[in-house]
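Commentary on secondary and tertiary structure
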Amino acid sequence: MDMTPLPPARWSNELAAHLLNRAGFGAPPDVVEAVFRMGHRRAVRALMTGELPLRPLGGVVVEPAWYHHDDGKEAEIRAEQKELRQQKREVKDFSAREVITKRERELRQQLNRMRRQRSTEMTRWWFETMRTASDPLLEKMTLFWHGHFATSLEKVNEPRLMLRQNMTFREHGMGDVRELTRKMAYDPAMMIYLDIQQSHRNKPNENYGRELLELFTLGEGNYTEKDIKEAARAFTGIRWNRETDVVRMNPKLHDSEPKKFLGEVGRHGPDEIVDIIFSQDRASEFLAHKLLRYFLVDSPPRRMVMALALEIRRVKYDMRRTLGAMFSAEWFFRRPYVRAQIKSPIEFLTQLMIQLELGDVPENLVMHCQKSLGQQLFRPPNVAGWPGGKLWITTDTLLERYNIAGIFSRAHCDPDYAVEAMGVVGRKRPQLKDGDNARRRKRLLAQLRKQVPRPDIEKIAPLELRARPDQMVDALAQRFYQFPMRREDRDSFVAFAESRVDGGKPLAEKDLAELVHLMLSTPYYQLT
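Residues numbered from 1 in each chain as written. Predicted model: local features only at pLDDT ≥ 70, side-chain atom pairs only at ≥ 80, totals over all residues. Heavy atoms only, no water.

Under an unreviewed UniProt entry, the name given to the protein chain is DUF1800 domain-containing protein, and the organism recorded is Sulfuriroseicoccus oceanibius.

Here it is in structure tokens:
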């Protein structure tokens, strides 16, 4: 197996959809058609340069204001906390200490509220950036690195640092992997998450050195416990100053004595350790395996891994050139790999919103969906990231996918799903009783329309198609699946639509929404 490009004659609308699904978050049918017409080589080139013919799906998404313009609130709280700690050490009077303790508690609550709000804002920002991305591959790779060099708000507890790491992935994630790996040792979020910040020449912390070898570069079985200890010594002394926000090596805390790491002896520091790691062929094989698992197949064949690893070494770990070669390769488009990978929750949600042509979604609905489906941005479950593959689907999460599909496709015209949606986006779940009259149901739907975007029905199912059930089902299948259905499945959808068409009139919006929900609640739609 090698990196031979896909023959031009095999390029098709279906393979264009495959490329857009795997290298990004899918696209509406008109964009898939436009990419198909570009031809495979031009499409890959446009993907690499962020110049795909995508149409705007929303307004410009900008980073939270507090990332660029710190309002100083957090620094003020920290300064007051520091002052209170000093006072507490000096004050002996019990009543005065009680007053200080109460104020400390108030400040802690204030800080936690601010961090929760900022966490929500940046999660919504990233999700909206993915949904409306003009450069979907950049977003897909940022998500890849977030799961690869996994850190979580659960321990880091500072949204600003998590967002800073996200920006590092954007800036360097398509460039030299070795440079990105070097930067991770100096990233404050990583330093907190894997305890680099506490590692001292007299007491090296092994957490970062161990995960660097096992999870980030070589994989288990390709190093020794001695190598972990030597790497830990090399990463001692790096410190992040919270007051100045500067990261630097403190020579007094760093172990600069000779070390023997992966067979090489020298006064290795952090950069030398990374260089030695990437001089091993195994580093390229490990990276190739992870890329293929993420973009193509859960268990990539050994020959495919070795072909991509060879390419990674040939282009000197340049990620953009590596991805360009992978998306050009003939094997990337082989039949067993098309529509055969389970969508991650983020892929499921972004594709759902793109294909339903939805506008902005309330941030609490975004947060609810991510949590209930098992993939919260900025909160991987552990340092190994999300396990992915078949583990994305359980009985509970599958039902939740169907329910969320119902909320987005039917809530604007079905009171039962409107109640579901408002229970998430509102502070209180409305109660809808059997005896409620039509006026109350209508009022409920009107309230919902102000909060939750409505699918663009005219784009999804133009009026002229709604009186022709078979053509309408084919159009919807092209939009949602981009792959031929089994005949019996198609027939059942057509039969449903025919049962709702009244005397040749177009299908009513409520019935159309129900049909869309049925099609989204299938095994087909869980695959990409």
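Right, picking up where we left off after that structure.
With 16 residues, helix α20 (residues 395–410) extends 22 Å from end C-alpha to end C-alpha; this agrees with the ideal 22 Å at 1.5 Å per step. The complete set of buried residues in α20 reads Thr-397, Glu-400, Arg-401, Ile-404, Ala-405, Gly-406, Ile-407, Phe-408, Ser-409 and Arg-410. Buried residues in α20 make contact with α18 (345–355), α19 (363–373), α21 (415–425) and α26 (509–520). (Helix = DSSP H or I, 4+ residues; strand = E, 2+ residues; numbered from the N terminus. Expected span 1.5 Å × (residues − 1). Buried < 20%, exposed > 50% of the residue type's maximum accessible area, 1.4 Å probe, protein only. Contact = heavy atoms within 4.5 Å.)

In this section: helix α24 (residues 469–480). Between the first and last C-alpha of α24 there are 16 Å, a value that for 12 residues agrees with the 16 Å anticipated at 1.5 Å per step. Every buried residue of α24 is listed here: Pro-469, Met-472, Val-473, Leu-476, Ala-477, Arg-479 and Phe-480. Mapping the buried residues of α24 onto a view down its axis gives an arc of 160°, with all of them on the same face. As for α24, its buried residues are in contact with α2 (29–38), α18, α23 (457–460), α25 (487–500) and α26. (Arc of directions from axis to C-beta.)

What follows is about the domain arrangement of the protein chain. If you check the domain split of the protein chain, you get domain 1 (8–56 + 281–333), domain 2 (57–130), domain 3 (345–451) and domain 4 (457–525). Each of domain 1 and domain 2 has a C-alpha centre, and these two points are 42 Å apart. (Domains from an automatic or database assignment.)

The next thing to look at is the packing of helix α6 (residues 94–131) against α18. Two elements in contact, α6 and α18, have axes whose closest approach is 9 Å; the angle formed by their N-to-C orientations is 60°. Taken together, the axes of α6 and α18 lie oblique to each other. Both α6 and α18 take part in a crossing whose hand is right-handed. For the pair α6 and α18, contact is made by Phe-127, Met-130 and Arg-131 and by Ile-346, Leu-349, Thr-350, Met-353 and Ile-354, respectively. Its residues placed into classes, the contact of α6 with α18 shows six nonpolar, one polar and one charged. (Axes fitted to C-alpha atoms, helices over the stretch in contact; angles between N-to-C directions. Parallel < 35°, antiparallel > 145°, perpendicular 65-115°, else oblique. Left-handed = near helix turned anticlockwise from the far one by under 90°. Nonpolar A, V, L, I, M, F, W, Y, C, P; charged D, E, K, R; others polar.)

Let's shift gears to the nonpolar core. Counting residues in hydrophobic clusters, the biggest one holds 153 residues, and the most contacted among them are Leu-323, Phe-327 and Phe-408. Element by element, the count of residues in this core is highest for α21, at seven residues. The contact partners of Phe-408, leaving out residues within four places of it in the chain, are Leu-349, Leu-352, Met-353, Leu-356, Leu-358, Val-361, Leu-365, Cys-369 and Pro-455. With six residues, the next largest nonpolar core counts Leu-84, Ile-100, Leu-107 and Met-114 among its residues. (Core = buried A, V, L, I, M, F, W, Y, C linked by side-chain atoms within 4.5 Å.)

Turning our eyes to something else, we now look at the environment of Asp-93. Mapped onto the secondary structure, Asp-93 falls in the loop between α5 (73–90) and α6. Within polar-contact distance, the side chain of Asp-93 engages the backbone nitrogen of Ala-96 at 2.9 Å. (Polar contact = N/O pair within 3.5 Å; in protein donor to acceptor, adjacent residues only side chain to side chain.)

Counted by the stated rule, this structure contains 45 salt bridges. For Arg-131, the salt bridge is made with Glu-128, and the minimal N-O distance between the two is 2.8 Å. Of this pair, Arg-131 and Glu-128 both sit in helix α6, three residues apart, which is roughly one turn of the helix. Look at Arg-131 and you get buried, because its relative accessible area is 2%. Overall, Glu-128 belongs to the buried group, its relative accessible area being 3%. Across the pair Lys-229 and Glu-206 runs a salt bridge whose closest N-O atoms are separated by 3.0 Å. Separated by 23 residues along the polypeptide, Lys-229 in helix α13 (residues 225–234) and Glu-206 in the loop between α11 (188–193) and α12 (207–217) bring together distant segments of the chain. The exposure class of Glu-206 is partly exposed, given its relative accessible area of 23%. Residues joined in a network through salt bridges with shared partners are Glu-74, Arg-78, Arg-115, Arg-118, Glu-158 and Arg-242. (Salt bridge = Lys/Arg side-chain N within 4 Å of Asp/Glu carboxyl O.)

Right, let's get into the packing of helix α3 (residues 40–49) against helix α17 (residues 319–328). Orientation of α3 relative to α17, taken along the N-to-C sense of each, is 150°, at an axis distance of 10 Å. As the angle between them shows, α3 and α17 are arranged roughly antiparallel. Two packed elements cross with a definite hand, and for α3 against α17 that hand is right-handed. Note on element contacts: α17 touches α3 through Arg-320, Leu-323, Gly-324, Phe-327 and Ser-328, opposite His-40, Val-44, Leu-47 and Met-48. Looking at the contact of α3 with α17 residue by residue, the class counts come to five nonpolar, three polar and one charged.

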